[in-house]
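Remarks on the overall topology
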Amino acid sequence: MTLTFNHGLTIEELSLKLTVLERKLRAKEKTIRVLIDRVDNAGSERSSAFWVLEQNIAMEAVVANRTAELREQKERLVGALDELKGTQAKLLQAQKLEAIGQLAAGIAHEINTPAQYVTDNTSFVRRALTSVFAVLDAATAVVEAARAGAVPPEGIAAVDAVSKKAKLGFLKQQLPLALDQSLDGLGRISGIVQAMKSFSHPSGSERRPENLKEAIETTVAVARNEWKYVAEVDLQIDPDLPLVPVLRNEFNQVVLNLVVNAAHAISDVTAGGATAKGLITISAKRVGNAAEVRITDTGGGIPMAHRKRVFEPFFTTKAVGKGTGQGLAIAYSVIVDKHGGTISFDTEEGRGTSFLLSLPLAVETETAAAEP
Amino acid sequence: MKVLFVDDEPHVLEALQRSLFQLDVEWEPSFAGNGAAAIEALEQDAFDVIVSDMRMPGMDGAALLEHTRDKYPQIARIVLSGQTDEIAAIRAARVAHQFLVKPCGAETLRRVIERTLELSAWLNDDALRAQVGKVERLPSTPRLFAELSKLMDDDTATVDSVVRVVRQDPAMSSKLLQVVNSSFFARSSNVSDVRTAVLRLGLKTIRNLALGIGAFDAAGALANSAISVEKLQQRSLKIARLASRIATGRDDPDAAFMSGLTCDIGELIVTDPTPAEQTEPTQRAITHAKVGAFLLGLWGLPFPIVEAVSNHHTPEQNPYDRLGLPQIVWLSSCLVHGVEPDPDYLARIGASNLVTEFQGMLE
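A quick note: this is a predicted structure, and the numbers were derived from the prediction, not measured. (Residues numbered from 1 in each chain as written. Chains lettered and ligands numbered in written order. Predicted model: local features only at pLDDT ≥ 70, side-chain atom pairs only at ≥ 80, totals over all residues.)

1. Section: helix α8 (residues 159–166) of chain B
All names here are of chain B. By the burial criterion, the buried members of α8 are Val162, Val165 and Val166. Take α8 and look down its axis: the buried residues cluster within an arc of 90°, on one side only. For α8, the secondary structure elements touched by its buried residues are α7 (142–153), α9 (170–181) and α10 (194–213). (Buried ≥ 20, exposed ≤ 12 C-beta atoms within 10 Å, placed from the backbone. Helix = DSSP H or I, 4+ residues; strand = E, 2+ residues; numbered from the N terminus. Arc of directions from axis to C-beta. Contact = placed C-beta atoms within 7 Å.)

Encoded structure:
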């Protein structure tokens, strides 16, 4: 992935430009210092008032000139820095899009399954209605005949024939089921669409008090196709957990990354769910002035050699196409840098891994958060 | 006739069950909720068709269909999956004869199943059917296979260059048409020619097919020494070119080309020479035609091609006495083989005085 900016520069080109600008700035400073030195030295040798005046006027012009140049360069430097900040935000957004892209195929599968039975049931109901109306028409004819005074025997025979053909008993039993299951299917489809919408809805740049239970449930629903073949998910959210100030979008992304990692870890030790089903436990509770979210899997654990590197950007042990090594690096950046929280893990080879997120319940001010 | 449906979503099976009961199908559907239950059902009953979901907990659809292929090759294998990624679709094309995409209406499903069941009636020999059922891919001529592999490594390869190579090889052409006619890629119309197939699939998918999935293979260990894949390919290409020329202005030249190219693929499948030697040559040729058509039918190639292949030695089995696709392929095959076409039948289809003209079209 290559990010480009207004000037069409990539992040590498931008940082190169920054270095060049800094170097130029230092060079200018040096020129000024040399000039000042020269004036000082000159002053000691030739100290006629006129000469000093002449030098000063020349100096002033040079300094004014240099100052303007410096100001201009400083502005450019500030601009470049702003762009760099923007880049970081875009990187985060890009990883989110990537995660959603990976989920898209799973979500399509989640929608296509209920779509299959809703389609079948709807055509079933349509055909059933045709037969039911045929019975009704025949019966109405008999009623009309009775009202007129005499029911011809062939009228009754006709009702019997269409009723038999319609398999009325079967329809009576199946029609309500077909409709209930279709409604259930439509509910599942709108549920997943709703979760998707809520998951990706922009949450702004300020931390806002959020219901973590809702956020976690949404994320687990969005990722369902990633875990459902390999694991069960057990949610243990403490009902007393207060609202937690988070950037909801970023928090969702962290939970998503951890759930997908957990599913992959379990998949690796169960041959893709063929030998056994694993368990992903997600708990959240208040501990002192922080909310603790724990995501535990029954996968293979993290090997000793990898433990120090899990939060490094681009560090991955997954196959090409399955992960880019950004998931945990982003999680670290979101939890530690953006929320002033902590992220850590316990792991045991052969038993699984447990990630612990701790988020402060009170939003500290910008400066307080920046200082340790 | 028995059909086994496998899906891990009970609602899918229930909805299918009620739809099929209502449609009054003439075959008997059974249902299994997972791979293990399906395997049990397969052990207890003789099925003709299996329709399976792909993603299921425990044993997934691919593993189940592989098991079916190995133990019960005579059962036709159909995938009905909600997956939308292309890799999954072309991977399924290896173990399944056809790939259907959810949501798929019961009537479409019924049509596909009944067409598959009808095919079995064409090939009345269980042993032959089992032999065809095992086939995942056919051997290509080593020369064309190498040419295609080279193109696949070349990022600057064009559609034209790929079409030129694939179009000469019966095995690669029929595999490509299987994939493009699966409901995953198929839109409204069936595809009868390699150019449309390549354009619709795109070079990236063809790379995936060739390199990722290994859908094509050069004749080697696969080929029986009794037949030369190279000779068969060259002869088939001649028949294809002639058939397409004859069909120009009369029928669909693309379908004629494809039918001619694939009319003898049965020889690539049934390679055991012993029983063939015991039967008379004509009978053997007819059997080969039926075997090839059966495979193309299982793979979901357009029906006119399947029928033309099936009847290219027995055009009189086609209900119409005219110069249609089966007759064109029959005539082309006769002329390329240097066999005199039956004059009575030629007269019946009003083609007696055309043979000299057609002969002239042969290079």
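2. Side note on the sheet that holds strand β4 (residues 76–81) of chain B
All names here are of chain B. One open sheet holds the five strands; their spatial order is β2-β1-β3-β4-β5, and the pairing between them is parallel. Unpaired on one side and paired on the other, β2 (28–32) and β5 (98–101) mark the two borders of the sheet. Adjacent strand axes in the sheet meet at a mean angle of 20° when their direction is disregarded. Packed on one face of the sheet, helix α3 (residues 61–71) meets β1 (2–6), β3 (49–52) and β4 and runs near 175° to β4. (Pairing = 2+ DSSP bridges. Axes fitted to C-alpha atoms, helices over the stretch in contact; angles between N-to-C directions.)

3. Observations regarding the domain arrangement of chain B
Residues and elements named next belong to chain B. You can read the domains of chain B as domain 1 (2–122) and domain 2 (148–363). The straight-line distance from the C-alpha centre of domain 1 to that of domain 2 is 28 Å. Facing 17 residues of domain 1, the contacting portion of domain 2 comprises 18 residues. Listed by contribution, the elements that provide at least two residues to the side of domain 1 that touches domain 2 are α4 (86–95), β5 and α5 (106–122). Per-element accounting of the side of domain 1 that touches domain 2 gives the leading share, seven residues, to α4. Classifying every residue of the side of domain 1 that touches domain 2 gives eleven nonpolar, three polar and three charged. (Domains from an automatic or database assignment. Nonpolar A, V, L, I, M, F, W, Y, C, P; charged D, E, K, R; others polar.)

4. So, the packing of α7(B) against α10(B)
Residues and elements named next belong to chain B. At their nearest, the axes of α7 and α10 sit 10 Å apart, and the two run at 115° to each other. Our pair here, α7 against α10, has a crossing hand that is left-handed. Two secondary-structure elements touch here, α7 through Leu148, Ser149 and Met152 and α10 through Arg207, Ala210 and Leu211. Of the residues in the contact of α7 with α10, the class split is four nonpolar, one polar and one charged. (Left-handed = near helix turned anticlockwise from the far one by under 90°.)

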